[in-house]
Amino acid sequence: MADGERSRAALSEAADAAGRAARKAQRAAAQAEEHRATSWVEAVGQSANGIVHMIIGGIALGVAAGAGGAADQSGAMAALQQTVIGGLALWVVGLALVGLALHAFVVAVAESRRNRRDAFRAAGRGIGHAVVGATALVFALGGRIDGEQTTEDFSAAVLAGPVGPWLIGAAGLVIAGVGVAFVVRGVRRKFFEDVAPPRRFRRVVEVLGAPGFVAKGIAVLIVGVLFVFAAVRDDPQEAGGLDGALQSLTTVPGGVIALVAIAVGLIVYGVYLFGRGIWAR
């Protein structure tokens, strides 16, 4: 057999082996997705996620009132840390969100054989939950993370490269797109694809989910816009995370009113997440 034929045969065998391994992983993930323990992991994780969003919304209300504070994940963890059961609360929230991230990755693998778009969505959620969970665990271990400073440092490092502005701009457009997707999901009630409440609670979930998704979407959209501004102006200080996005509203006419609306929406979204954990589809 010629060397070229042997190489093609080897590549074909490797591709077949990879395909079998992928299908095996998908079947295992699908089985894990249906396990009763998985529903408990999701319920606890979504509840923890809801608590974080409710705290962020509360801090945002304080910012609107001039009280200050960091209205982001690190600010939420700092607020939890100051409670009577701060250390325990941080461990519970952190581990619950890490578990939720693993659940999302399992869903992503299972969905990869049915719907690639849903698989990517699940993977994106997993990354987000993992980041917030890791932030909680860092605080639980006595460390500190400044979300805004981390974002600015990351942006500065990327902008220093020859194609840095293009990368930051592209990231901003992607983030803005995620924000728009949240708004659309709220307006069109597409969140019912993820939650299946009993008939008598469907209206309650709708009342919570619609404004909650819109509020979070607008907040994420502003984050994306800030990244685009940072790219256009080649200024890493223009880039900001969730806290920077919400703080920026206090500097524009009518922004405080919008900030209050978004803050209340984030609190409502947090309550919705409890329902999603209980009645996950």
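One can find the structure itself at the top, above this paragraph.
Residues numbered from 1 in each chain as written. Predicted model: local features only at pLDDT ≥ 70, side-chain atom pairs only at ≥ 80, totals over all residues. Heavy atoms only, no water.

J.: Tell me about the overall build of the protein chain, and name the residues and values.
T.: Scanning the protein chain for helices and strands turns up 10 helices and 0 strands. Starting at the N terminus and ending at the C terminus, the protein chain contains elements arranged as α-α-α-α-α-α-α-α-α-α. Relative to its 281 residues, the protein chain shows a buried fraction of 41%. By sequence separation, contacts in the protein chain at least 24 residues apart represent 72% of the contacts at least 6 residues apart. (Helix = DSSP H or I, 4+ residues; strand = E, 2+ residues; numbered from the N terminus. Buried < 20%, exposed > 50% of the residue type's maximum accessible area, 1.4 Å probe, protein only. Contact = heavy atoms within 4.5 Å.)

J.: Lay out helix α6 (residues 147–159) in plain terms, naming residues and giving numbers.
T.: An ideal rise of 1.5 Å per residue puts 18 Å on 13 residues; α6 measures up with 18 Å between its terminal C-alpha atoms. Restricting attention to buried positions, one finds in α6 the residues E148, T151, S155, V158 and L159. Buried residues in α6, looked at end-on, bunch into an arc of 95 degrees, giving them a common side. Exposed side of α6, more than 90 degrees from the buried face: F154 and A157 are the residues found there. Elements in contact with the buried residues of α6: α7 (164–187), α8 (199–233) and α9 (242–248). (Expected span 1.5 Å × (residues − 1). Arc of directions from axis to C-beta.)

J.: Explain the nonpolar core residue by residue, including any values.
T.: One recurring pattern in soluble globular proteins: nonpolar side chains tend to sit buried together. One finds V52, M77, V93 and L246 to be the most contacted residues of the largest nonpolar core, which totals 41 residues. Counting residues per element, the ones that place at least two in this core are α2 (36–64), α3 (73–81), α4 (86–111), α5 (116–140), α6, α8, α9 and α10 (255–278). In this view, V93 contacts A48, V52, M77, L80 and A136; residues no more than four positions away in its chain are not counted. Among the nonpolar cores identified, the runner-up in size contains 10 residues, and F182, V195, A210 and L273 belong to it. (Core = buried A, V, L, I, M, F, W, Y, C linked by side-chain atoms within 4.5 Å.)

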